[in-house]
Amino acid sequence: MERKNFAVLCAAVLCFWLFALALGTAEGVGLRAVMHPEERAVSADVEEAAEGILLPTAAAAPQLDLNCRAAILIEQGSGRVLYEKNADERVPIASITKVMTLLLAFEAVHDGRLTMETPVPVSEHAYHMGGSQIWLEPGEHFTLDEMIKAICVSSANDAAVAVAELVGGSEPAFVEQMNARAASLGMEQTSFRNACGLDAEGHLSTARDVAAMSRTILNTCPEVLHYTGIWTDTLRGGATCISASATRNGLSLIAVILGAPSSADRFDAATTLLDYGFGAYEAAPLPKLEAQPLQITVRGSAAGSVPLDYSALPETVLVEKGSGASLHTELTLPEELEAPVEQGQTLGKAAVYQGEALLEEYEVRAEADAPRMTVRDAIGLLWQSLTGAA
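Residues numbered from 1 in each chain as written. Predicted model: local features only at pLDDT ≥ 70, side-chain atom pairs only at ≥ 80, totals over all residues. Heavy atoms only, no water.

## A few points about the overall build of the protein chain
Step number 1: Across its full length, the protein chain carries 9 helices and 17 strands.
Step number 2: Of all 390 residues assigned to the protein chain, the portion counted as buried reaches 48%.
Step number 3: A total accessible area of about 17800 Å² is found for the protein chain, and carbon and sulfur atoms account for 53% of it. (Helix = DSSP H or I, 4+ residues; strand = E, 2+ residues; numbered from the N terminus. Buried < 20%, exposed > 50% of the residue type's maximum accessible area, 1.4 Å probe, protein only. Areas by Shrake-Rupley, 256 points an atom, 1.4 Å probe, with all protein chains shown as cover.)

So, in structure tokens, the structure goes:
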């Protein structure tokens, strides 16, 4: 396949799906989705994604009319669950699988193992994938950037498997990496059997796990949004799904719908979830700390003190709409420390309260090392004090 034909095919498919998305998106909601019929893949939109931590359970919420098998709504930054329905039921996920494939590909780029210009060869195995594809030919090479476009625009199984073979060495080895990454994200109910989402026994996940995976790629690989709006796919039986992200007034939400009977039901359910979330919650500015020291004295170190890192504190906090005025933040820090202190070491915490209720706690860390003073350090300090040297 010539590179020109490849580009024309991707552009045509992209125009079609952008038109479909425009018709299916409710005004003001701004869906960015990953759809799949019985489970369509996720769209992707910074607090770093917390790894190995299960998403919390939703608080009491109204019963929404969602025509689907399972659903969940979470806040993207914290992962807090705002609504759920059968969120731990294991179901097939079709091309939502490709979200994990993309996540591992982007992480390989972040780690320096690959670049977006790395050539991706097409093997006989990738060529014979079937299903949604762009008809790659064995022996062809396209850049990783081009293959990711094909995965995101056309949900191409052949491109997904070719990328999996590049990253993992083979598809089976890559699937092992997928399952290991899922475990690290706390996706306890997910098991992958291939890199593209073709029907396979035991290839299952849940709405909660899909939300965790979606949140991770959105928070740690925001470049995915340069490539994708939606994936679509159909499982035997015709069920559909979607994982959609949307941001309004600084609040970013992720809605996952699995097992909707039709594409219209899928969009309606996602829109209902997002409208509920934006109507009931807001991103309130984090109250400023009354006192925010820049450093702490360190005894037994030539450094004398260590600077403080407050970067873990977010700009906003998720609260019920209209309740932000009752927020306040309290800082807990020791008056001094004993050497040694290592960069990144947790030294204290900033707690956010709503009235008397604790909402969140954030770590305050050391921004630099403060090693234990050596004899040489002590002699040097003594000499400086005697000579007045700086």
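## A word on the pattern of salt bridges
Step number 1: In total, this model carries 10 salt bridges according to the counting rule given.
Step number 2: With its nearest N and O atoms 2.7 Å apart, the salt bridge here joins Arg 69 to Glu 89. Of the two residues, Arg 69 is situated in the loop between strand E1 (32–37) and strand E2 (70–75) and Glu 89 in the loop between strand E3 (81–85) and strand E4 (91–92); the sequence distance between them amounts to 20 residues.
Step number 3: Exposure remark for Arg 69: the relative accessible area of 36% places this residue in the partly exposed category.
Step number 4: Residue Glu 89 is classed as partly exposed on the basis of its relative accessible area, which comes to 28%.
Step number 5: Of the charged contacts, one joins Arg 208 and Glu 84 as a salt bridge, the two residues approaching to 2.7 Å between their closest N and O atoms. One end of the pair, Arg 208, is in helix H7 (residues 207–220); the other, Glu 84, is in strand E3, and 124 residues separate them in sequence.
Step number 6: When its relative accessible area of 26% is taken as the criterion, Glu 84 is described as partly exposed.
Step number 7: Through salt bridges with shared partners, one network takes in Glu 84, Asp 88 and Arg 208. (Salt bridge = Lys/Arg side-chain N within 4 Å of Asp/Glu carboxyl O.)

## Describing helix H4 (residues 144–154)
Step number 1: Most of H4 sits out of view: 10 of its 11 residues are buried.
Step number 2: Within the sequence span of H4, burial applies to Leu 144, Asp 145, Glu 146, Met 147, Ile 148, Ala 150, Ile 151, Cys 152, Val 153 and Ser 154.

## Quick look at the sheet that holds strand E15 (residues 336–338)
Step number 1: Strand order in the open sheet formed by 6 strands is E14-E16-E17-E12-E11-E15, and the pairing between neighbours is mixed. For this open sheet the edge positions go to strand E14 (327–332) and E15, each flanked by a neighbour on one side alone. Each strand of the sheet is rotated relative to its neighbour by a mean of 30°, with strand direction disregarded.
Step number 2: The pairing of strand E11 (residues 295–299) with strand E12 (residues 305–309) spans 3 bridges and is classified as antiparallel. Residue pairing in the sheet places Gln 295 in a bridge with Pro 307 of E12. (Pairing = 2+ DSSP bridges. Axes fitted to C-alpha atoms, helices over the stretch in contact; angles between N-to-C directions.)

## Here's the deal with the pairing of strand E8 (residues 240–248)
Step number 1: Across the 9 residues of E8, 7 count as buried, placing the element largely inside the fold.
Step number 2: Where E8 lies against strand E9 (residues 251–260), 8 bridges are found, and the strand directions are antiparallel. By the bridge assignment, Thr 240 is partnered in E9 with Ala 260.
Step number 3: With antiparallel pairing between neighbouring strands as the criterion, E8 and E9 make up a hairpin whose turn holds 2 residues, including Asn 249 at a positive phi of roughly 55°.

## Section: the packing of aromatic side chains
Step number 1: Counting across every chain of the model gives 3 aromatic pairs.
Step number 2: Centre to centre, the rings of Phe 106 and Tyr 227 are 6.1 Å apart; their planes meet at 50°, and the pair counts as tilted. Here the residue Phe 106 occupies a position in helix H2 (residues 97–110), and Tyr 227 occupies one in the loop between H7 and E8, the gap between them amounting to 121 residues.
Step number 3: By relative accessible area, which is 1% here, Phe 106 ends up buried. (Phe/Tyr/Trp six-rings, centres within 6.5 Å; stacked < 30°, edge-to-face > 60°.)

## Quick look at unusual backbone geometry
Step number 1: Cis geometry marks the peptide bond from Ala 339 to Pro 340, where omega comes out at 5°.
Step number 2: Among the secondary structure elements, Pro 340 is positioned in the loop between E15 and strand E16 (346–354).
Step number 3: Unusually for a residue other than glycine, Ser 155 sits at a positive phi of about 50°.
Step number 4: Considering the arrangement of structural elements, one finds Ser 155 in the loop between H4 and helix H5 (157–168).
Step number 5: The residue Asn 249 is not glycine, and still its phi comes out positive at about 55°.
Step number 6: Mapped onto the elements, Asn 249 comes out in the loop between E8 and E9.
Step number 7: Asn 249 gets classed as exposed once you look at its relative accessible area, which sits at 73%.

## Observations regarding H5
Step number 1: With 12 residues, H5 extends 16 Å from end C-alpha to end C-alpha; this agrees with the ideal 16 Å at 1.5 Å per step.
Step number 2: Asn 157, Asp 158, Ala 159, Ala 160, Val 161, Ala 162, Val 163, Ala 164, Glu 165, Val 167 and Gly 168 are the residues of H5 that are buried.
Step number 3: Packed against the buried residues of H5 are H2, strand E5 (119–121), helix H3 (124–127), H4 and helix H6 (171–184).
Step number 4: One or two residues past the end of H5 sits Gly 169, with phi positive at roughly 95°. (Expected span 1.5 Å × (residues − 1). Contact = heavy atoms within 4.5 Å.)

## Examining the side chain of Thr 190
Step number 1: Relative to the assigned elements, Thr 190 resides in the loop between H6 and strand E7 (204–205).
Step number 2: For Thr 190, a relative accessible area of 11% puts it in the buried group.
Step number 3: At a separation of 2.6 Å, a polar atom in the side chain of Thr 190 contacts the side chain of Ser 205.
Step number 4: Looking at Thr 190, its side chain comes within polar contact range of the side chain of Asp 209, at 2.7 Å.
Step number 5: Those residues in contact with Thr 190 that sit more than four places away from it in its chain are Arg 90, Asn 179, Leu 204, Ser 205, Thr 206 and Asp 209. (Polar contact = N/O pair within 3.5 Å; in protein donor to acceptor, adjacent residues only side chain to side chain.)

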